[in-house]
Amino acid sequence: MAVVEFAPQLIEALRAAERVLIFTGAGVSAESGLPTFRDPQQGLWAKFRPEDLATPEAFARDPETVWRWYQWRRRMHADVAPNPGHHAIAALEARLPQATLVTQNVDRLHELAGSAAPIHLHGHLFRNRCADCGIAMPEVAPEIDTPPLCTSCGGLCRPDIVWFGEGLPAEPWEAAARAAQEAEIVLSIGTSATVHPAAELPRMAHRTGALVVQVNPQPTRLDPIAHNLRGPSAKILPALVAAVWP
Ligand code: OAD
């Protein structure tokens, strides 16, 4: 396998960094076998319309279809495990004095790789809450294809995921924005950086003088402000950890 080379300045910057924001998206889970959203062939949004499946209006119109789609996504996770990219992120967190991991992913692969407390901006695939009163509801076996009813108010159960048109949960967002403002380095990994406000984070950090390092096999809108490491995260990140802390 070809050796991955890194600029000596990048290695030095990571060795010296006190505060680092690690910002991830669906690409970090791609090599675990989970589809991204915007891949032109395999992406979820290439095959399904978000307005039919990922909005409160879609759920109000046709809760069973929406529910079944998330149950299908939950079943997809049955044999999915973290990949070397997730493990390298946990290793980065362990070595850096102050690392904050912020993810747009709703999977739990960061946790399974050993990351202690990732900040989930877009919610959690396996958690549920009542669509009416908001109370947390238990996990549901992935073959149940109608949404259970809330035992408090009789409302319908929905996945605890942020849908299009909904605000981000306040506390995670505030913690993520603070980490972006304080970071000396941002690693933006496996995200197209197109969904706002999450995609603001690397830009906010750049405005306050942070070095933005992007790990992605494809160009994104962050390219002009980033030091670009072009390639899959499962290959680039373990090599980066090994280069910074040999
Ligand atoms: P996207 O599907 O928009 O972007 C995935 C990115 O990962 C792309 O830039 C790919 O080039 C890159 N990628 C693919 N394979 C990779 C690999 N092996 N290693 C590293 N990068 C790779 O996914 P997100 O940016 O996460 O929202 O999308 C943001 C949000 O849009 C998601 O959180 C989701 C979606 O609608 C909600 O669920 C609320």
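Just so we're clear, the structure is a prediction, and the values are computed from it rather than from any experiment. The numbers attached to residues start from 1 for each chain and follow its sequence in the written order. With the structure being a predicted model, the display of local features is reserved for residues of pLDDT at least 70 and the display and counting of side-chain atom pairs for 80 or more, all residues being used for whole-chain, interface and lining totals. Excluded from the side-chain calculations are hydrogens and water; all other atoms, namely the structure's heavy atoms, are used.

Engineer: How should I be thinking about the overall build of the chain in this particular structure?
Structural biologist: When you go through the chain residue by residue, the secondary structure sums to 10 helices and 9 strands. Taking 246 residues into account, the globule formula puts the C-alpha radius of gyration at 18 Å, and the chain, at 19 Å, falls close to it. For the C-alpha atoms alone, the extent of the chain along its principal axes is close to 60 × 35 × 30 Å. When accessible area is computed with a 1.4 Å probe and restricted to protein chains, residues below 20% of their type maximum are described as buried, those above 50% as exposed, and intermediate ones as partly exposed. Looking at the chain as a whole, 48% of its 246 residues qualify as buried. What makes two residues a contact is simply this: any of their non-hydrogen atoms within 4.5 Å. Within the chain, counting contacts between residues at least 6 apart in sequence, those at least 24 apart form 67% of the total. The accessible surface values rely on the Shrake-Rupley method and a 1.4 Å probe; as for residues, cover is taken only from the protein chains in view. For the chain, the computed accessible surface area is about 11600 Å², with 53% contributed by carbon and sulfur atoms. Counted as positive: Lys and Arg. Counted as negative: Asp and Glu. His and the chain ends are not counted at all. By convention, the charge on Lys lies at NZ, on Arg at CZ, on Asp at CG and on Glu at CD. For the chain, the distance from the average site of its 21 positive side-chain charges to the average site of its 26 negative ones is 3 Å. For the purposes of this entry, the term helix denotes a DSSP run of H or I that reaches at least four residues, the term strand denotes a run of E that reaches at least two, and both are numbered from the N terminus. For the radius of gyration, the atoms used are the C-alpha atoms, and the globule rule reads 2.2 Å times the number of residues raised to 0.38.

Engineer: What is the right way to read the side chain of Thr220 from this model?
Structural biologist: Along the chain, Thr220 turns up in the loop between strand E8 (211-215) and strand E9 (226-229). The exposure class assigned to Thr220 is buried, which follows from its relative accessible area of 13%. Pairs of N or O atoms are called polar contacts if they sit within 3.5 Å, as long as, within protein, a hydrogen donor faces a hydrogen acceptor (for residues adjacent in sequence, only side-chain-to-side-chain pairs). Engagement of the side chain of Thr220 in a polar contact is seen with the side chain of Gln214, the distance being 2.6 Å. The contact partners of Thr220, leaving out residues within four places of it in the chain, are Thr191, Ser192 and Gln214.

Engineer: Is there a simple way to think about the environment of Glu111 in this case?
Structural biologist: Structurally, Glu111 is set in helix H7 (residues 109-113). For Glu111, a relative accessible area of 31% corresponds to the partly exposed category. When the C-alpha positions of Glu111 and His87 are compared, they lie 9.8 Å apart, and in sequence the two are 24 residues distant. Apart from residues lying up to four places away in sequence, Glu111 is in contact with Pro118 and His120.

Engineer: What should I look at first to understand the site of the ligand in this one?
Structural biologist: We call a residue near a molecule or strand when any one of its heavy atoms sits within 4 Å of it. The environment of the ligand is formed by 22 residues, the closest being Arg38, His122, Thr191, Ser192 and Asn216. Trp45 is positioned with one of its side-chain polar atoms (N or O) 3.0 Å from an oxygen atom of the ligand. Ser233 has a polar backbone atom sitting 2.9 Å from a nitrogen atom of the ligand. Burial of the ligand by the protein amounts to 90% of the accessible area it has alone, namely 790 Å².

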